[in-house]
There are 2 protein chains.
Amino acid sequence: MFRSVCILGPGLLGASLMQALRERGLAERLTTWSRRAETRLKCEGKPWCDAVYPTALEAVDGADLIVICLPVEHIVPTLEGIRSAIKPGCLVTDVGSTKSLICRHGQAIMPEGVDFIGSHPMVGSEKTGPENGYAELFEGGACFVTPLVDTPQAVIEKTIRLWKAVGMEVGSASPEKHDEIVAHISHLPHFLASALCSYLATQNNDWQNFAGAGLRDTTRIASGDPALWKSIASQNREEILRALDGFEEEIQRFRSALHNEKWFEIINLLERGKTYRDRLRMSK
Amino acid sequence: MFRSVCILGPGLLGASLMQALRERGLAERLTTWSRRAETRLKCEGKPWCDAVYPTALEAVDGADLIVICLPVEHIVPTLEGIRSAIKPGCLVTDVGSTKSLICRHGQAIMPEGVDFIGSHPMVGSEKTGPENGYAELFEGGACFVTPLVDTPQAVIEKTIRLWKAVGMEVGSASPEKHDEIVAHISHLPHFLASALCSYLATQNNDWQNFAGAGLRDTTRIASGDPALWKSIASQNREEILRALDGFEEEIQRFRSALHNEKWFEIINLLERGKTYRDRLRMSK
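As the structure is a prediction and not an experimental result, all values here were calculated from the model.

About the criteria used
Residues numbered from 1 in each chain as written. Chains lettered and ligands numbered in written order. Predicted model: local features only at pLDDT ≥ 70, side-chain atom pairs only at ≥ 80, totals over all residues. Heavy atoms only, no water. Helix = DSSP H or I, 4+ residues; strand = E, 2+ residues; numbered from the N terminus. Rg over C-alpha atoms; globule rule 2.2 N^0.38 Å. Buried < 20%, exposed > 50% of the residue type's maximum accessible area, 1.4 Å probe, protein only. Contact = heavy atoms within 4.5 Å. Buried area = accessible area lost by both parts, 1.4 Å probe. Salt bridge = Lys/Arg side-chain N within 4 Å of Asp/Glu carboxyl O. Domains from an automatic or database assignment. Least-squares fit on C-alpha atoms with pLDDT ≥ 70 in both. Disulfide = S-S within 2.5 Å. Right-handed = clockwise from strand over helix to strand, strands pointing away. Pairing = 2+ DSSP bridges. Axes fitted to C-alpha atoms, helices over the stretch in contact; angles between N-to-C directions. Parallel < 35°, antiparallel > 145°, perpendicular 65-115°, else oblique. Nonpolar A, V, L, I, M, F, W, Y, C, P; charged D, E, K, R; others polar.

Asker: What should I look at first to understand the overall build of chain A in this one?
Answerer: Secondary structure summary: chain A contains 11 helices and eight strands in total. For 284 residues, the compact-globule estimate of 2.2 N^0.38 gives 19 Å, and chain A sits close to it at 21 Å. C-alpha extents for chain A along the principal axes are approximately 65 × 45 × 30 Å. A burial count over chain A gives 61% of its 284 residues as buried. Here the contacts in chain A between residues at least 6 apart in sequence split such that 75% fall between residues at least 24 apart.

Spelled out as structure tokens, the structure:
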């Protein structure tokens, strides 16, 4: 599928992608670069990694696919750093959780004959680093590709084929629509879980000895990396604020029904929530 | 440990308790009653059930341990119905998720020589019914016993031994303290998950095709039975309102930091949440 693929940022997602591409025979050559010497060392000599470079500029040389798997705030600066080394016809994409800022800037700085298109594979884990990566991470997961209006159809299709080839279900949306959707189904749940934990941290901490599976499942994602989620918050600030507003109205409806002992309304809210949850697709 | 045990309400929890008592040889005879003929039929002839009765009054006859495993709003009415048949020295407890109302009324209506003491084993599932029960449900889980100030020490100790015998870690708290604690660590997470789902249900429902493991875990408990959770809400209304108030202040702190782009404060909130979550005991 690709002759030479460069993954910038071999963390959990990047290293998993390298393993998936190798195992499925989708890339002849796989190169990588990490900001951290420690991470570069972890990739050396792995069967899914043909070469590790000390700079991004060297790593992308000759690549016909570049996937940037860095934290969202590093994506555009990294694109600026490598632009002179990207060969014409190369497909450049990323895996960032926010898309509007990245896609507008990303496309604008690409050299002649090179297209940048955003991707967002919705898989991951609260674990990090290449040592936690595995080839099957993507299987059954959902993935966005986020073309601009003038992105060539061939580029869109090639990107969709890439993510389908590692086992994902792929949908297409504008970067702005993507950001609205993930603000609701990913960022809002994350910040609610974090706020719940940070609130409970202000209460008697012995209470947690009585916590059951409910609290544990509800808050699992609050273990995510604060720096990473701060970046996501900053890149998708307006949509997250809008989703928070909508959620707060819902919580107020619930609060007011409880306060006024309107049990029929409580049942209705719980039923609507249950119906939504029961329909949530149960694949990965 | 007990000669004759009666479990009223052989749902997921009640049937699991019967199985755990039988497998561990803790009860010579196990009897049960369910409001529903359908559930009574499911218990007939099971190795963990010696007799199924059509009325609660018949089922408790001769029991030296009665455990009421019914929805919270049925517990006190059921106690009233069986009180004339409870023999002196019998230990009577329940497994309801709220305790103040149940324990005050429960103790008040017991006949001479009989003690009611509240229990709350914090295990369960969004699944229901005796067909989903299993003996190991309690293992490693946390359990409250909630004595009143005048509950005899021997009754408290006997109840603690019961739950320890089926594998639980047991703590003691007043019914009021219990209700405050579970409002925070169980009821608040539940209603947040429900409100998140009932809010997302008002948005474009195609969005859920992109939902990842984060949303699924965060909202799993929203699949719980609305009637059951309405009863819990009504029995623990004031404490839940107080917990909601505290949580809303936290969400406002987060919202205002995001609105004003105070990233250092965002990081602090996320860090505090992560620290709390990472410490949550990882046993069942």
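Asker: Would you mind showing me how to read the interface of chain A and chain B here?
Answerer: At the junction of the two partners, chain A supplies 84 residues and chain B supplies 84 residues. The junction of chain A with chain B conceals about 8,400 Å² of combined surface from both sides, 68% of it contributed by carbon and sulfur atoms. The three residues of chain A that bury the most area against chain B are A:Trp207, A:Phe210 and A:Tyr276, which together make up 10% of that side's buried surface. The tally of links between chain A and chain B comes to eight salt bridges. Between B:Glu248 and A:Arg255 there is a salt bridge; the shortest N-O distance is 3.8 Å. Secondary structure elements with two or more residues in the side of chain A that touches chain B: strand S7 (142-146), helix H7 (175-200), helix H8 (213-219), helix H9 (226-235), helix H10 (237-259) and helix H11 (263-279) of chain A. With 17 residues, the single largest contributor to the side of chain A that touches chain B is H10(A).

Asker: So what exactly am I meant to see when it comes to the domain arrangement of chain A here?
Answerer: Quite often, the size of an interface is put as the accessible area lost when its parts meet. All names here are of chain A. The domain architecture assigned to chain A consists of domain 1 (2-173) and domain 2 (178-279). Relative placement of domain 1 and domain 2: their C-alpha centres are 31 Å apart. Contacts between domain 1 and domain 2 engage 14 residues on the former and 14 residues on the latter. Both faces combined, the contact of domain 1 with domain 2 buries some 1,200 Å², and carbon together with sulfur accounts for 65% of it. On inspection of domain 1 and its partner domain 2, the count reaches zero salt bridges.

Asker: Where do I start with the relation of the copies chain A and chain B in this structure?
Answerer: One copy of the chain maps onto the other through a rotation about an axis plus a displacement along that axis. Expressed as a screw operation, the relation of chain A to chain B combines 0.0 Å of axial shift with a rotation of 180°, fitting to an RMSD of 0.0 Å. In short, the pair behaves as if placed about a two-fold rotation axis. Across chain A, the smallest distance between a C-alpha and the rotation axis is recorded for A:Thr218, namely 1.9 Å. The residues that chain A uses at the interface reappear at the interface of chain B in 100% of cases, marking a shared surface.

Asker: Would you explain the state of the cysteines in this entry?
Answerer: Linking two cysteines covalently through their sulfur atoms gives a disulfide. What the rule picks out here adds up to zero disulfides over all chains. The closest cysteine sulfur to the non-disulfide-bonded A:Cys49 is located on A:Cys43, 5.4 Å from its own sulfur. According to the relative accessible area criterion, A:Cys49 is buried, its value standing at 7%. Of all cysteine sulfurs in the structure, the one in B:Cys69 sits closest to B:Cys143, which takes part in no disulfide; the separation is 11 Å. Classification of B:Cys143 by relative accessible area gives buried; the value is 0%.

Asker: Explain the pairing of strand S6 (residues 115-121) of chain A to me, please; I cannot follow it from the model alone.
Answerer: Both faces of the sheet carry side chains from a regular strand, because those side chains alternate between them. Residues and elements named next belong to chain A. The buried count for S6 comes to seven of seven residues, which makes it a mostly enclosed element. Of the two faces of S6, the one holding Asp115, Ile117, Ser119 and Pro121 and the one holding Phe116, Gly118 and His120 are both buried throughout. Assessed by its sense of winding, the connection that carries the chain from strand S5 (residues 91-94) through helix H5 (residues 100-108) to S6 is right-handed.

Asker: Before we go on, may I ask you to explain the sheet that holds strand S8 (residues 169-172) of chain B in this structure?
Answerer: Hydrogen bonds along the backbone pair up the strands of a sheet, which may run parallel or antiparallel. Residues and elements named next belong to chain B. Read across the sheet, eight strands follow the order S3-S2-S1-S4-S5-S6-S7-S8 without closing on themselves; strand pairing throughout is mixed. Each of the sheet's edge strands pairs with one partner strand only, and the pair in question is strand S3 (51-53) and S8. For this sheet, the mean inter-axis angle between neighbouring strands, taken without regard to orientation, is 25°. In this sheet, strand S4 (residues 65-68) lies alongside strand S1 (residues 2-8) in parallel orientation, the contact comprising four bridges. Following the sheet pairing, Leu8 is matched in S4 by Ile68. Helix H6 (residues 153-165) contacts S1, S4, strand S5 (91-94), strand S6 (115-121), strand S7 (142-146) and S8 of the sheet and is inclined by roughly 30° relative to S6. Contacts between helix H7 (residues 175-200) and the sheet are confined to S6 and S7, with S7 contributing the most and set at about 145° to the helix.

Asker: Explain the sheet that holds strand S1 (residues 2-8) of chain A to me, please; I cannot follow it from the model alone.
Answerer: Residues and elements named next belong to chain A. Strands sit in the order S3-S2-S1-S4-S5-S6-S7-S8 across an open sheet of eight strands; the sheet is mixed. On the outer flanks of this sheet lie strand S3 (51-53) and strand S8 (169-172), each paired with one strand and no other. With direction set aside, neighbouring strand axes in the sheet form an average angle of 25°. In this sheet, S7 lies alongside S6 in antiparallel orientation, the contact comprising four bridges. Within S7, the position partnered with His120 by the bridge is Phe144. Against the sheet, helix H1 (residues 12-23) contacts S1, strand S2 (27-33), strand S4 (65-68) and S6, and its axis sits at roughly 165° relative to S2. The strands that H5 touches are S5, S6 and S7; relative to S6, the one it contacts most, it runs at about 155°.

Asker: Please clarify how the packing of H11(A) against H7(B) should be interpreted in this entry.
Answerer: A pair of packed helices is characterised by two quantities: the angle between their axes and the separation of those axes. With their axes 7 Å apart at the nearest point, H11(A) and H7(B) run at an angle of 75° to one another. Relative to H7(B), the element H11(A) is oriented roughly perpendicular. Here H11(A) contributes A:Leu269, A:Leu270, A:Arg272, A:Gly273, A:Tyr276 and A:Arg277 to the contact with H7(B), which in turn contributes B:Phe191, B:Ser194, B:Cys197, B:Ser198 and B:Leu200. Each residue belonging to the contact of H11(A) with H7(B) can be placed in one class, and the counts come to six nonpolar, three polar and two charged.

Asker: How should I be thinking about the side chain of A:Ser4 in this particular structure?
Answerer: All names here are of chain A. Assignment of secondary structure puts Ser4 in strand S1. Ser4 sits in the buried class, given a relative accessible area of 3%. In this structure Ser4 touches Arg29, Gly62, Ala63, Asp64 and Leu65, once residues within four positions along its chain are discounted.

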